[in-house]
Amino acid sequence: MDLLYKNNKTGLKKYLETFPHQGGIIVNDEKKFIFMRAGKVAGTSVLNAFRGAGVDFFYSEKHPERYHSWFKRLDDDTLCEYFVFSVIRNPFDRFVSSARYLKIPVHDLADHFDRHIKDEVVYLHTLPLFQYTHMGNQLFADYICRVESLQSDLNQVFDYLGIDRVELAVSNRSNRKGYQHYYNQDLKDRVSALYSEDIAYYGYSYEQSSGHNHSRIAYLKEKFSKKKKALFAKFQ
């Protein structure tokens, strides 16, 4: 199966080799996909959906020998055969969700961020999302889903990979008020600075709780839809 869009993966193996969240590189070798799974962006729901569809996957934390054997065989050309996707989320919403999950007061996490991220669990749950889709300013992900429209976005991934669609179940949802309840101007400024690339690359803002299609993401989705229709038409 040809990839619908082959984003430049030059240097991707080296990037993945030193990627700070090794356990977030989820691999399926049969369907040839890599799910770049970040913390607090519905990753558990996505993995449960794959399990529900009977799709096997592996990653370094749970399957170290299998993962490292796979990784040794890779080069950048081989990585071009894989469909790489990730899930993103409004960074203002995600920051509150991460703090609540980690049981750290939201303002304390922001005020003492450098101290808190010395804890590996905190660090991995607060990594900027652009690191899961970009090498510097170079986009390597082939498709980007948003938490705010996850079911419809993930359906596109299922369809492309030839996987039966699965209805997502909500996992690890925190019981809290809307994220705006936690913010004052100082916290907005701090989170804006911490996640400036996420805001710039994905087109999020504080006011838009559901996010919107950044021009690059909208382009990818439109391209995905047109190419998929053309691919299906060839076999009719």
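This section reports on the structure supplied with the text. (Residues numbered from 1 in each chain as written. Predicted model: local features only at pLDDT ≥ 70, side-chain atom pairs only at ≥ 80, totals over all residues. Heavy atoms only, no water.)

### Things to note about the environment of glutamine 208
Put simply, the test is: Secondary structure counts use DSSP, requiring at least four H or I residues in a row for a helix and at least two E residues in a row for a strand, with both numbered from the N terminus. The buried label applies to any residue whose accessible area, calculated with a 1.4 Å probe on protein chains only, is under 20% of its type's maximum; exposed applies above 50%, and partly exposed to all values in between. Contacts: residue pairs with any heavy atoms within 4.5 Å of one another.
With respect to the helices and strands, the residue glutamine 208 is situated in the loop between helix 11 (196–202) and helix 12 (215–234). Taking the relative accessible area as the measure of exposure, glutamine 208 reaches 32% and is therefore partly exposed. With 116 residues separating them along the chain, glutamine 208 and phenylalanine 92 place their C-alpha atoms 9.7 Å apart. Excluding its chain neighbours within four sequence positions, the residues that come into contact with glutamine 208 are Asn90, Tyr179 and Gly203.

### Concerning helix 5 (residues 91–102)
As a reminder, the rule being used: Multiplying 1.5 Å by the helix residue count minus one yields the expected span of that helix. Polar contact is the term for a pair of N or O atoms within 3.5 Å; when the atoms are in protein, one must be able to donate a hydrogen and the other to accept it, and sequence-neighboring residues count only if both atoms are side-chain atoms.
With twelve residues, helix 5 extends 16 Å between its outermost C-alpha atoms, agreeing within 8% with the 16 Å of an ideal straight helix rising 1.5 Å per residue. For helix 5, a buried count of ten out of twelve residues is recorded, marking the element as mostly surrounded by other parts of the structure. Residues Pro91, Phe92, Asp93, Arg94, Phe95, Val96, Ser97, Ser98, Ala99 and Leu102 constitute the buried set of helix 5. Taken together, the buried residues of helix 5 touch helix 6 (106–111), helix 7 (113–116), helix 8 (120–126), helix 10 (185–194) and helix 11. Here helix 5 starts with a cap whose side-chain oxygen sits 2.8 Å from the backbone nitrogen of phenylalanine 92, and that cap is asparagine 90. Immediately beyond the C-terminal end of helix 5, within one or two residues, lies lysine 103, with a positive phi of roughly 60°.

### Some words on the nonpolar core
Test applied: Buried Ala, Val, Leu, Ile, Met, Phe, Trp, Tyr and Cys residues that are joined via side-chain atoms within 4.5 Å together make up what is termed a nonpolar core.
Of all hydrophobic cores here, the largest spans 55 residues; its most connected members are Phe33, Met36, Phe50, Trp70 and Phe85. With six residues, the top contributor of residues to this core is helix 9 (residues 150–161). Membership of the second largest hydrophobic core comes to 18 residues, among which are Val96, Ile104, Ala110 and Val191.

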